[in-house]
Each structure stands twice: as structure tokens, then as C-alpha cells.
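Examination of the molecular architecture
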Amino acid sequence: MTEDSTTLDKTYNAADVEEALYARWEKAGEFAAHPESKAAPYTIMMPPPNVTGSLHIGHALTFTLQDTLIRYNRMTGKDALWQPGTDHAGIATQMVVERQLAESKGPTRREMGREAFLARVWSWKEQSGGVITHQLRRLGASPDWKRERFTMDEGLSRAVTKVFVELFRQGLIYRDKRLVNWDPKLHTAISDLEVESRDVKGKMWYFKYPVDGMPDTFITVGTTRPETMLGDTGVAVHPEDERYKALVGRCVILPLVGRKIPIVADDYADPEKGSGAVKITPAHDFNDFGVGKRNNLAMINVFDRDAKLNENAPQKFQGLDRFKVRDMVVAEMEALGLLEKIEANAMQVPYGDRSGVVIEPWLTDQWYCNAEVLAQPCIKAVEEGRTRFVPKNWENTFFEWMRNIQPWCISRQLWWGHQIPAWYGPDNHPFVASSEDEAYADAKKHYGKDVELRRDEDVLDTWFSSALWPFSTLGWPDKAPELARYYPGDVLVTGFDIIFFWVARMMMMGIHFMGDVPFRDVYIHALVRDEKGQKMSKSKGNVMDPLDLCNVYGTDAVRFTLTAMAAQGRDIKLAETRIAGYRNFITKIWNAARFSQMNECVIVPGFDPKGVKTTLNKWIVAKTVEAARGVAEAIEAYRFNDAATVMYQFTWNIFCDWYLEFAKPVFSSQAGGSDEAAKAETRAATAWVIDQILIIGQPMIPFVTETLWEKLAEAAKIKRAGFLMQQPWPKYDIKPSPEAEAEMDWVVDVITKIRSVRTEMNVPASLQMAATLKDASTGAKARLVTHNALICANARLASLKADDAVIANAAQVVVGEGTVLLPLEGVIDLSKERERLAKEIAKKDADIANDDKKLTNEGFIAKAPPEVVDEIRERRAGAVDARAKMNEALARISA
RNA sequence: GGGCGGUUAGCUCAGCGGUAGAGCACACGCUUCACACGCGUGGGGUCGCAGGUUCAAUCCCUGCACCGCCCA
């Protein structure tokens, strides 16, 4: 189509360039950090996605923002390290592989045995582990891939062992028997954070327990979980409850079981609720556990790991599922006449966030981390501002959780993960050590002889290893130079949903082992929802695949949309129309470049924007400087939406809509004279501004900008010094130009007003008339001369000359310092023009009255800042002047 | 129950003490020599409700209503 192979096509085709361009960046080492350099470091630790996961829209948001920060800081001359990697994601990954085994009717993991199963998981990791990192590349993310880490890498695993051993020796990790959240499907303990409570319409059953030694006397207890009664070891009443005072100290006979259990007084019983008496099952309820401990009640565990009834329950229930037993217990109690009533009861039921089954509080031995101790210096660090949350309100959420933190259960009954470095002797005495040899040595010392040791089968919570991410990836515990250089990081970018899971724990481990916070800023971004504000989920069918969107609209459009919508403190409701809108913006940039190319706007080596002569060019240079500064300030303040807005408005609404339109008459002017100099300068300035747009846009929209950077140079036969992404962020030594701005504002105002009147008076677009400027001030006359071609071209006039003569059939446009008369013989309807002017005058009247209200208010004059008063006085004067001109204009056409 | 956030144009959202903004959508007009993924012009808002502070409130304070999220 094009005559010249270097001429740009009409539209930008993202799909044609993105992958190849990315590969070239990566191959050229553009993403690499340079620990040997003298530049100040800038570090972002990438939150490691699940190794077997795939990219969702939330990833697209978080990685776009991080990439924008990294690319921007790289351009400002910092030695930027964006540390990438993936997480082994213990439960999630193990579940996937187990599901595969089940689907292929293969052996279960227990049938396979630990070694074979782990080999299987590793091979799955090898096979699918590259998916997400490949997808990150499609998104344009620019981390230092050569430094990619995996949480189960040798080095990172060593870090895990060292941390575990040290914390154990410091007494901050310990083994304890207490209730855990047990997942009966996955057969593992999970932490509080992995439990989600769901609202459920349940029931409250009221059972009558016969009091021992008092025939026909019963005590009624309410329960939402009848099956747990088989493990009851007490009944609690409030110490002040008169109804039951006499019964405290006696026992009840537990129906169906026959066990004699005591009635105890405990504050936990709420006299206002139900009967005021509660059954106590210490082995299966977190509250009851506390009551049981306080009152020395027995702890009877009646469930097995599948949450089926075990040998501690009466024989007929053994081996049956908890929910089956629930029905049986209720039926039997009813048959015995011990079921008093059933009420509907709204309640919350705990579910495992991975398995989706009801979680069972279960009494087991687990490893715990004393989070309370580790949390204290983190709280202090945030209080003192050594780590800063952006937006700040998340600090409250952080404090709230950290100040009420519970022991962190860190052991998981899984195989995929870091196996706990603990070995047990014959008497179950634990030996925690860095290696098996060390454990054996310790054991020999302890027992005075060689003994057989058994390694703890369990692995650590996935978040235990990710908590070390900010330093384990840098080489810790070895003394790597990177540690000193890149720790602490500058900012951590993440969603609020993992403040507790991850942010808080990185702070605990970072402060404890590195002696300093792991990052200075924590930028918490929004969650991406669908356009109706609903969470995206596969079951709802409303997920948007970021890569599909990239394929349709181009990666830059997707990135720019997410950036533009990333306002602080608000969730993002993403509508596809927005992406299409920003795709159009990308095309607009493309076409601006195409226009400049067609008009032979070529970068002039040594072009100095400070030295431009024409008002037009002074103006656009000043505007460009302003835009670049605006983008930089916004990115540095994490106001990504502002950065996008500045970029968008400058490029489209200033550069394309006005400057390029103004440049057209300059480019098409006849050869010869001073015009030739102006033409050359405008060409050079246009090329320069486009370059600046590419530079400041690069962090947000790297593909189209880099592509244009190359293509423009190629067409102009210019050699660029390297990729756009390594260009220095511009530092202009250019002052604002208020005179040029005022002058161009006037030109814009004149054009806009003439266009407006033309449309309102239904003047055909093709009609070009010879207009005059009546009562023009000296300044206006000068401007008219300078910008005559621009005004005529853009307002579609044949000519515009200063002339005080009255024209009979004219539309009259009041502008600053004059009135434009548009002769419209045969086109204009004078009555309509009178109406129009009257309306404008009325508008001015209203404005002036509004200002007068203020200016006649003594309080306002006395108390408002003088500059505000002056501003309103000036505004009023301007309006009065304009109104006078309008009145004159109206008088001229009123017979 | 506790905490946090939201309520601004038809939709999605900025703004957060000095006469209300954007994108999309809508209406009208444009084959204006980069772009119809475009150009121009326009309509559309008592800034959730009620009080208070202030010369001045969409913006600050109090209360209420509704919506959402987190934690019990």
C-alpha cells in the first residue's frame, strides 16, 4: 500500500510487534540489574505468583504498576532491580497434582509414597512452571529474569532451614498441642487466615441433659452442632446465673454416651442466650477449649482425620461421617424425649479456602511460631514511618491485626513444601537441626548413645518461605553483595488481601533476621472486579482473561487502562469499553507520529527546545515540560491514574487537537522568506515533542512507544543511542512561558468561539467567509497578524482582518479584546442571532450577579485571602467587559 | 457486634474549601490533505439525606440512610 516501506501504516498492529520486541529487549539484557554500578539502587520484590498458576486480571494490574515503577526508575538513572520468581504454593500445587492422579485413575499419593509423589509434583512444576512467567512477558513486565528464583530452590530452602532452626533455638518456634483448623478433605492443619467464614442458615437444637442424682431434673443446652455432644465433657453456666447456682458442682449424665460430666461456672456462658447453659466440647470448639482448660475438663477427641467418628464415640457411630451422625444424634435424642426444641439460627460456618469443606477444630500436635513477639518491632516500624503504607488508611488494618495476632500454625500435613527440620527420638523428643547429621549428633549427646531418629513428616506453611523472599532471593544466608545493595527494597506493591498473609510476615522475618524493614513503602492497590462490581470468579463466569484482552486490544491498551483506573482507595470495575477507548488512544499516538513523519518532521541533532523562536513552539515546549513533570510526579506519588490522565490529555487534547492543527498551515505555507525558518523550527519541534511523548509514555505503554521510537528513526535515517527504555528521563532546564501561553490561549479561545457560533447558527462547514475583528486592541491586532493562518484554517475562515466597520448581516462573537464579525448574508437568521446573543448576555448577567454577591459581602472582603478577592474582581471585570460588547453587538442588529 | 471504604452527568470514575470534570454512551454536523479506533459542536448534575463550622462547603465536623469489604 505504502510507497515507502518505512512509512507507517494507518493503524498500529500490536500483535505484529509485541513478542518480537520483548524478546529483543530481554536478549539485549535491558532488564538486568547492575550490582556493580555506582548508580543508586531501586528495588521491587515481585510477589511470586504460584508456580503452576496462570495470569489473571489482578496479576495484570499489579505487574503493570510494578513494571511502570521499574521502567520509570530505570530511566531516571537508578540501578533498578525487579526481583522475579515463583512460589511453590504448597496446598494449591499438591491439590492440582492429586486431582490429576485421581482423574487419570492413578494411585493416590499415599499409595505412591512420598518420594514418588514428590517426583511427580516436580515434573508437573517443570512442565507448567513456565506458563506464568511466559505470560508475564506477554504483559511486557521487565524483571531481571536472570535472577529468577523459586521458593524451593536450594538456596532459598537453606534460608528456610536456617530461619526455622534459629527461631526454634530462640524459643520463637515451638511445638504445641492445641486446637487447629483441620481440613478433613486435605488432611492438614491450616492457619486462621486460610479459613473463610460463610453465612449459613443453620439450626439451634436444644437438648435436655438429665442432672445426676436429681430425678426428673434436666438442664437444657443449645447447640448448633449436635454431633459434638458425643465429646462433651462438661456443661457451663454463668457464675451469677441464679437459675443454675444450685447445680454448679453437680454432674449431668451425658445422653447416648452415659458419661458423667460436671456442671461448671464460667463467664463464657451467656445467661441471655438460649437457656443460659452451654455444653462444653473442649476438643472440638475453640471457645470450649478455653472453658475446658480453665475448669480442668477432659478433652475427648471423637473425630478422626476425615471428621468421621472415632473409637471414642459409642460404637454405633464409629466410622460414620459427622453430618450423618448429626442426624442420628438428633433422632435418638428425640426418641428419648430429650429434644426440647429446634430453632432456625443464622450462623457462620468455617470453610477451608482451598478445599471448600467445613473446617473442624481438632486437637493435634503442631508447630507454632510466636507471632506476637515478632510483630512488636513491625508495629513500631510502621508507627515510626520506617515502613509507610500507601494509601495510609491500610496502616489501621495492619495495626489492628498485628496487635491481636495469634500464634501462627506453621506446620502442614502435606508433602509438597519445605520439610520441617525436626527429628524425633524414641521418646518423641524433638531435635531441630540444620541437617540430619547434626540432629543425630544432638541426639547422641542427649541420650548418651546412638539412637534411631524419625524425621517430622510435615512441611511448612507456604507463607513461611515467602516471608523470607525479600532477602532469601538476594542470597541470604550467604554474604552476597546483592544483600547489602538491594535490601531493603523501595516499595512492595500488592493487594490488600495479602497484607496479613505476606506483608506482615515479611516484615517480621525481615526485621528479625536483617535488622531492618524489608521495604520502605507498601503500595496497596485495588482489587479488579467486573463492571458490575462483582469479584471475578470462574463459577460466576465473569473472568476477563488479560491475555485475551491483550490479543484483541494490544498489551499497551490493557496496561494503560489498568493504570488509568488505579486510583488509590477504590476497587476497579473494569468494563471492556474502557479498554477499547484506550486502544484508540494508542492508535492516536501512532497517527500523530505518522503525521509528523508525512510532514518530514525529523529530529534535528542538537535541537534545543529552549531556543525556539515562534510563540507556537514556545507554547508546546512549555506544555511538554509540564506534562513530563506531571507524569513523573504522579508516578513517584503512586498516583498512577493521574500519570495516565496527564499523558492522555497532553497527547490528545493539547498536542494533537491543537498543536498539530496549528502546525498544518505552517507546513503548507508557501516557500520563501521567514516562513521557511518557522517551518523548519516547527518540524524540528514536532519531532522533538513526539520523542518526549514516547519517552514519558514508555513506562506505561512500552510497546507502541518503543516501536515508534525505532520506526521514526529508521524512516529519518537516524541512529538512536539504544532502546527507548534506556533513555534518560528528561530533565528540562526550561522555564514556563506565560506570555506564549496567554497568546495561544487567546487563539484557541477565538477559534473555539467561532466554531461554536457556526454550529449554533447552522453555518455549513464548507462555507468560508471573510471575517473581521472589530474594536481590536493593539495586542489583539498583533496576535491576529501572527496567527492569522492558524485561526483561518481552524475556524474555517477565508480571511480575518482587523476592521471596525459594521457589517449588517453578521454573526457576532465577543472574544477577549475584540468582537469577531462573521458576514453571513443569506445564511443568517437575525432573530435567531439576537436570541443567541440575549442568551449569552443573560449568562454573563448571572455570572456577574454571582460575583457581586461575594464582593458586596463584607465578611468576604475582610476575611477571604486577598488573591481570591482579586481573582473574583478580575473575573467580574472581564465579564462586564464582555457583556458590554455583547450589548453593543445586540444593539447593532436590533432595528 | 467492631473496623474500613463508598454514595458526584445515563454508565464507569476523577476532583476534595473559592462559579462542578474526564472517558464511554447520547444528539447534531463533518469524505477539513495523521487518524471514522477520527474531527467539530452540544445536551445532561439541588455532588445520598439532615444538621453544624466558615466570608465561602461537593470538599471539613456530627448524625442518619443505603451499598460494599474486612474482622469477630
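Here is what the cut-offs are and how they apply
- Residues numbered from 1 in each chain as written.
- Chains lettered and ligands numbered in written order.
- Predicted model: local features only at pLDDT ≥ 70, side-chain atom pairs only at ≥ 80, totals over all residues.
- Heavy atoms only, no water.
- Helix = DSSP H or I, 4+ residues; strand = E, 2+ residues; numbered from the N terminus.
- Rg over C-alpha atoms; globule rule 2.2 N^0.38 Å.
- Buried < 20%, exposed > 50% of the residue type's maximum accessible area, 1.4 Å probe, protein only.
- Patch = residues over 30% accessible without salt bridge, like charges linked within 9 Å, V, L, I, M, F, W, Y side chains within 5 Å.
- Areas by Shrake-Rupley, 256 points an atom, 1.4 Å probe, with all protein chains shown as cover.
- Salt bridge = Lys/Arg side-chain N within 4 Å of Asp/Glu carboxyl O.
- Lys, Arg positive; Asp, Glu negative; His and termini not counted.
- Charge placed at Lys NZ, Arg CZ, Asp CG, Glu CD.
- Pairing = 2+ DSSP bridges.
- Axes fitted to C-alpha atoms, helices over the stretch in contact; angles between N-to-C directions.
- pLDDT = per-residue confidence, 0-100.
- Contact = heavy atoms within 4.5 Å.
- Arc of directions from axis to C-beta.
- Phe/Tyr/Trp six-rings, centres within 6.5 Å; stacked < 30°, edge-to-face > 60°.
- Lys NZ or Arg CZ within 6 Å of the ring centre and 35° of its normal.
- Expected span 1.5 Å × (residues − 1).
- Parallel < 35°, antiparallel > 145°, perpendicular 65-115°, else oblique.
- Nonpolar A, V, L, I, M, F, W, Y, C, P; charged D, E, K, R; others polar.
- Core = buried A, V, L, I, M, F, W, Y, C linked by side-chain atoms within 4.5 Å.

**Examining the overall build of chain A**
Counting its secondary structure elements, chain A contains 29 helices and 29 strands. A compact globule built from 895 residues should have a C-alpha radius of gyration of about 29 Å, whereas chain A, at 37 Å, is more than 25% larger. Across its three principal directions, the C-alpha atoms of chain A cover 120 × 65 × 55 Å. Per-residue burial over chain A gives 53% buried out of 895 residues.

**Description of a negative patch on the surface**
Residues Glu867, Asp870, Glu871 and Glu874 make up a contiguous surface patch of negative charge. If you trace the backbone, Glu867 turns up in helix 29 (residues 866–893). Judged by relative accessible area, Glu867 falls into the exposed class, the value being 54%.

**Quick notes on the sheet that holds strand 26 (residues 769–774)**
With respect to topology, four strands assemble into an open sheet ordered 27-26-29-28, the strand pairing being mixed. Looking at the sheet topology across the chains shown, the edges are occupied by strand 27 (797–802) and strand 28 (810–815). This sheet shows a mean twist of 20° between the axes of neighbouring strands, independent of strand direction. Inspection of the sheet shows strand 26 paired to strand 27 by five bridges, in the parallel sense. Paired with Met769 across the strands is Leu797, a residue of strand 27.

**Details of the confidence of the model for chain A**
Residues at a pLDDT of 70 or more form 97% of chain A, whose mean pLDDT is 87. Mean pLDDT across the elements of chain A ranges from a minimum in strand 24 (residues 528–530), with 70, to a maximum in strand 1 (residues 41–45), with 96.

**A word on the side chain of Ser596**
Here Ser596 lies in helix 19 (residues 576–598). By relative accessible area, Ser596 is classed as buried at 2%. Residues within four places of Ser596 in sequence aside, it is in contact with Cys601, Thr686 and Ile690.

**Considering the sheet that holds strand 5 (residues 173–183)**
Taken in spatial order, the four strands line up as 6-5-14-16 in an open sheet, and their pairing is antiparallel. Two strands close off the open sheet at either side, each with one partner strand: strand 6 (188–190) and strand 16 (408–409). Looking at chain direction, strand 5 and strand 6 are connected through three bridges and run antiparallel. What sits directly across from Asn181, in strand 6, is Ile190.

**Focus: the environment of Leu562**
In this structure, Leu562 sits in helix 18 (residues 555–565). Note: C-alpha distance between Leu562 and Val827 (265 residues apart in sequence) is 49 Å. Look past the residues within four positions of Leu562 in its chain and what remains in contact with it is Ala60, Leu61, Thr64, Ile572 and Leu574.

**Some remarks on unusual backbone geometry**
Omega for the bond connecting Val390 with Pro391 falls within 30 degrees of zero, at -5°, which places this linkage in the cis form. Looking at the element boundaries, Pro391 is found in the loop between strand 15 (388–390) and helix 11 (394–403). Residue Pro488 follows Tyr487 across a cis peptide bond; omega there is -5°. Summarising the element assignment, Pro488 is placed in the loop between helix 15 (481–486) and strand 22 (489–495). Not every positive phi belongs to a glycine, and Tyr638 is a case in point at roughly 60°. Along the chain, Tyr638 falls in the loop between helix 20 (615–636) and helix 21 (640–667).

**Remarks on helix 17 (residues 546–553)**
For helix 17, every residue scored as buried is listed here: Pro546, Leu547, Leu549, Cys550 and Tyr553. Here the buried residues of helix 17 occupy an arc of 155° about the axis, which is enough to place them on one side. With respect to the buried face of helix 17, the exposed residues turned more than 90 degrees away are Asn551 and Val552. Considering only its buried residues, helix 17 is in contact with helix 2 (57–75), helix 6 (131–138), helix 18 and helix 19. A positive phi of about 95° marks Gly554, the residue just after helix 17.

**A closer look at the packing of aromatic side chains**
Enumeration over the complete set of coordinates arrives at 40 aromatic pairs. Seen from their ring centres, Trp408 and Phe464 are 6.0 Å apart, and the 40° between their planes marks the pair as tilted. Remark: Phe464 occurs in helix 13 (residues 462–466) and Trp408 occurs in strand 16; sequence separation between them is 56 residues. Here Phe464 falls in the buried class, since its relative accessible area comes to 0%. Between Trp658 and Phe662 the ring centres are 5.6 Å apart and the planes differ by 40°, which places this aromatic pair in the tilted class. Taken together, the positions of Trp658 and Phe662, both in helix 21 and four residues apart, correspond to about one turn of that helix. A residue is classified by how much of its surface remains accessible, and Phe662, at 0% relative accessible area, is buried. Ring-pair connections join several aromatic residues into one group, and the members of that group are Phe164, Phe168, Trp367, Trp408 and Phe464. Here the basic side chain of Arg505 rests over the ring of Trp408, its NZ or CZ set 4.0 Å away from the ring centre.

**A closer look at the environment of Gln127**
Checked against the element boundaries, Gln127 lands in helix 5 (residues 114–128). For the pair Gln127 and Thr52, spaced 75 residues apart in sequence, the C-alpha separation works out to 8.8 Å.

**Examining helix 12 (residues 436–447)**
With 12 residues, helix 12 ought to run about 16 Å at 1.5 Å a step, and its terminal C-alpha atoms sit 16 Å apart, in line with that. Among the residues trailing helix 12, Gly448 stands out with phi positive, at a value near 80°.

**Regarding the packing of helix 7 (residues 154–169) against helix 16 (residues 499–514)**
Running from N to C, helix 7 and helix 16 cross one another at 75°; their axes reach a closest spacing of 12 Å. When the interaxial angle is binned, helix 7 and helix 16 end up roughly perpendicular. Packed against helix 7, whose contacting residues are Val163, Glu166 and Leu167, the element helix 16 presents Met509, His512 and Phe513 at the interface. Split by residue class, the contact of helix 7 with helix 16 holds four nonpolar, one polar and one charged.

**Some words on the pattern of salt bridges**
Taken as a whole and judged by the stated rule, the model has 48 salt bridges. Taking the shortest distance from any N to any O, the salt bridge between Arg403 and Glu383 comes out at 2.7 Å. Of this pair, Arg403 sits in helix 11 while Glu383 sits in helix 10 (residues 371–383); the two residues are 20 residues apart in sequence, bridging distant segments of the chain. Across the salt bridge formed by Asp852 and Arg876, the nearest N and O atoms sit 2.4 Å from each other.

**Section: the nonpolar core**
Ranked by internal contacts, the top residues of the largest apolar core, which has 139 residues, are Met647, Phe655, Phe662, Val820 and Leu822. It is helix 21 that contributes the most residues to this core, 14 residues altogether. Aside from chain neighbours lying at most four places away, what touches Phe655 is Ala592, Ile620, Phe650, Leu660, Thr686, Val689, Ile690 and Ile693. One finds Val160, Val165, Phe464 and Ile524 within the second-largest nonpolar core, a separate group that totals 62 residues.

**A look at the pairing of strand 26**
Strand 26 sits mainly inside the fold: five of its six residues count as buried. Two strands pair when backbone bridges link them, and strand 26 and strand 29 (residues 818–823) are joined in this way by three bridges, in the antiparallel orientation. The residue of strand 29 that forms the bridge with Thr772 is Leu821.

**What to know about the environment of Leu616**
When you line up the elements, Leu616 lands in helix 20. Those residues in contact with Leu616, other than ones at most four positions away along the chain, are Tyr659, Phe662, Ala663, Val666 and Met744.

**Things to note about the side chain of Ser799**
Within the secondary structure, Ser799 is located in strand 27. A residue is classified by how much of its surface remains accessible, and Ser799, at 18% relative accessible area, is buried. If we ignore the near neighbours within four places in the chain, the residues touching Ser799 are Met769, Ala770, Ala771 and Cys792.

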